[in-house]
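Notes for the structure review
Letter by letter, the chains look like this.
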Amino acid sequence: MVLLVAVAISLGIAMINGAQNIGKIIGVSTRRVKRRSRLVYTANAVFMGIGAFTLGSRISKTIAKGIIDFSLLPGETSQLLASSSIVFSTIIVASISLHYKIPLSISQLVVGSAIGTGLALCGLECLNTERIALIVSSWITTPLIAGLTSTVLYKLDEYVSSRGNPRIEVALYTFYFSFSMFIVQYLLLSEFTGPEISFVYALFFAINIALALIIYSYTLEYPWEEELDILKFYTQSIIVLLLGLSYGAHDIGNAAGPLSLIFSYMYPSIDHLHTAITLTSLAFFVGAAIWGYRIAGTIGGGITPLTPTTGFIVQVSTAFTLFLVVSMGIPSSITLTLLGSIAGVGYARGLNYVNTKMLIKINLFWIVGVASTIVASYLFTMLFKIIL
């Protein structure tokens, strides 16, 4: 019975994650993209499912066995105890935070739960402290990188706009579009052809797209604001899809990692990791497609006012930063990355544009949230030891 409930909770976490990620993506999109919301929701749900299925193993392996060394755990039921404790404590703390509208990252809750579980089973000895230190440090460095990127891009956009030359603006958005296409192709192809071949192919394709767009721009006569507006729209669209791909690849480990541990205990002969990724990818897609439009809001508005331009810069910065995180297989925090980008844009506009008190409050909530899951998972593990 405990196994079935744990499996259901894991899939529920995946569905909630999918829906939340749609809200994060659409919440900072431009009005033109939002007007095609149904198409955007569907396309993002598909890309999140693709990202989760094709790239999810990078993060899922870290969540499943990168934090706890299961070879040091006593007894055959250790993996069952660990996975059940992780999903139960995560869903309880996440539900409490949702009820009181406290912004917490599920990725951080899962990591905190894994730490508490490991401590309850065999203390610090079975915890991969180096991996934990890397993950925790990424919670600091990732939003800083995203914030610095968004600040630089905002200043660059401000400079380009001040020049009043449409061709320079076309060159900037051509770079955004081509680089985003490069990342999408590289991430997908690297899982099948290897990093070297996929890098060369994706780079060649992106360079050709950039050259074609620049050459086309020189065939147009002034004024050509309509063509520039079309380029901006398609650039925004590919960035949104890239975010969906990255979000799926990053967050699938929250559910697939613990679920793979349950499957390894229930069905030791199957490929439990890819089975878990397949099921949670479907749950990700369903949650994003069904619930995404209900919770998509103006995320970030409480930190700094977002315009169409700053919203786009936030998305670009978040997408580029997550590309690095996913490539390295580090379970950081999408929410922290997004808010780092938002804060960077706000500070680039001026200190009076940022609600610093809100940022401090959110960071304190995250510290309390992770600590809560450590305590909750520790208590759940001790309880499951008695029951199981």
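Residues numbered from 1 in each chain as written. Predicted model: local features only at pLDDT ≥ 70, side-chain atom pairs only at ≥ 80, totals over all residues. Heavy atoms only, no water.

Notes on the overall build of the chain
Scanning the chain from terminus to terminus reveals 14 helices and zero strands. Ordered by position in the sequence, the α and β elements of the chain form the string α-α-α-α-α-α-α-α-α-α-α-α-α-α. By residue count, 55% of the 388 residues in the chain fall in the buried class. Of the contacts made within the chain by residues no fewer than 6 positions apart, 85% connect residues no fewer than 24 positions apart. (Helix = DSSP H or I, 4+ residues; strand = E, 2+ residues; numbered from the N terminus. Buried < 20%, exposed > 50% of the residue type's maximum accessible area, 1.4 Å probe, protein only. Contact = heavy atoms within 4.5 Å.)

Examining the nonpolar core
Counting residues in hydrophobic clusters, the biggest one holds 89 residues, and the most contacted among them are I67, I68, Y176, I183, Y247 and V316. The element that contributes the greatest number of residues to this core is helix α10 (residues 225–266), accounting for 15 residues. When near neighbours in sequence (up to four residues on either side) are disregarded, V316 contacts L153, Y176 and I239. (Core = buried A, V, L, I, M, F, W, Y, C linked by side-chain atoms within 4.5 Å.)

Considering the side chain of S150
Turning to its location among the elements, S150 is positioned in helix α7 (residues 129–163). What S150 contacts, discounting residues up to four positions off in sequence, is I313, S317, G340, S341, G344 and V345.

Some words on a nonpolar patch on the surface
A cluster of nonpolar residues, L119, L124, V375, Y378, L379 and M382, forms a patch on the protein surface that exposes about 550 Å² of accessible area. The element that contributes the greatest number of residues to the nonpolar patch is helix α14 (residues 356–387), accounting for four residues. Structurally, L119 can be placed in helix α6 (residues 106–122). (Patch = residues over 30% accessible without salt bridge, like charges linked within 9 Å, V, L, I, M, F, W, Y side chains within 5 Å. Areas by Shrake-Rupley, 256 points an atom, 1.4 Å probe, with all protein chains shown as cover. Salt bridge = Lys/Arg side-chain N within 4 Å of Asp/Glu carboxyl O.)

Examining the pattern of salt bridges
Tallied over the full model, the rule gives one salt bridge. In this structure, the salt-bridge partner of K155 is E158, at a minimum N-O distance of 3.9 Å. In this pair, K155 and E158 are both assigned in helix α7, three residues apart and thus about one turn of the helix distant.

Side note on helix α12 (residues 308–328)
With 21 residues, α12 extends 31 Å from end C-alpha to end C-alpha; this agrees with the ideal 30 Å at 1.5 Å per step. Counted residue by residue, α12 has 16 buried out of 21 residues, so it is predominantly covered. (Expected span 1.5 Å × (residues − 1).)

Thoughts on the packing of α7 against helix α13 (residues 334–349)
How two helices sit against one another is set out by the angle between their axes and by the gap between those axes. Closest axis-to-axis distance for the α7/α13 pair is 7 Å, and the angle between their directions is 40°. Accordingly, the angle class assigned to the pair α7 and α13 is oblique. The chirality of how α7 crosses α13 is right-handed. On α13, the residues that touch W139, T142, P143, A146, G147, S150, T151, Y154 and K155 of α7 are L336, T337, G340, S341, G344, V345, A348 and R349. For the contact of α7 with α13, a count of residues per class yields seven nonpolar, eight polar and two charged. (Axes fitted to C-alpha atoms, helices over the stretch in contact; angles between N-to-C directions. Parallel < 35°, antiparallel > 145°, perpendicular 65-115°, else oblique. Left-handed = near helix turned anticlockwise from the far one by under 90°. Nonpolar A, V, L, I, M, F, W, Y, C, P; charged D, E, K, R; others polar.)

With respect to the confidence of the model for the chain
For the chain, the average pLDDT comes to 76, and 77% of its residues sit at 70 or higher. Confidence, expressed as mean pLDDT per element, reaches its minimum in the chain at helix α2 (residues 31–35) with 51 and its maximum at α7 with 89. (pLDDT = per-residue confidence, 0-100.)

Concerning the environment of G346
Mapped onto the secondary structure, G346 falls in helix α13. Aside from chain neighbours lying at most four places away, what touches G346 is T304, Y353 and V354.

Focus: the side chain of Q108
Take Q108: it is sitting in helix α6. For Q108, a relative accessible area of 4% corresponds to the buried category. Leave out the neighbours within four places in its chain, and Q108 touches W139, S333, L336, W366 and V370.

Description of α7
Relative to the 51 Å expected for 35 residues at 1.5 Å per residue, α7 spans 51 Å between its end C-alpha atoms, a close match to the ideal helical length. One or two positions beyond α7, positive phi appears at G164, with a value near 70°.

Description of the environment of F384
Checked against the element boundaries, F384 lands in helix α14. Separated by 302 residues in the primary sequence, F384 and A82 have C-alpha atoms spaced 9.2 Å apart.

Structural notes on the environment of I367
As for its position among the elements, I367 is in helix α14. Owing to a relative accessible area of 58%, I367 belongs among the exposed residues under this scheme. The spatial distance from the C-alpha of I367 to the C-alpha of Q108 is 9.5 Å, given a sequence separation of 259 residues.

Points about the packing of α13 against α14
The contact between α13 and α14 brings their axes to 12 Å, and the two run at 165°. Of the possible angle classes, the one that applies to α13 and α14 is roughly antiparallel. Seen along the crossing, α13 lies across α14 with a hand that is left-handed. Contacts from T335, L336, L339, A343 and Y347 of α13 reach α14 at T356, L359, I362, N363 and W366. Classifying every residue of the contact of α13 with α14 gives seven nonpolar, three polar and no charged.

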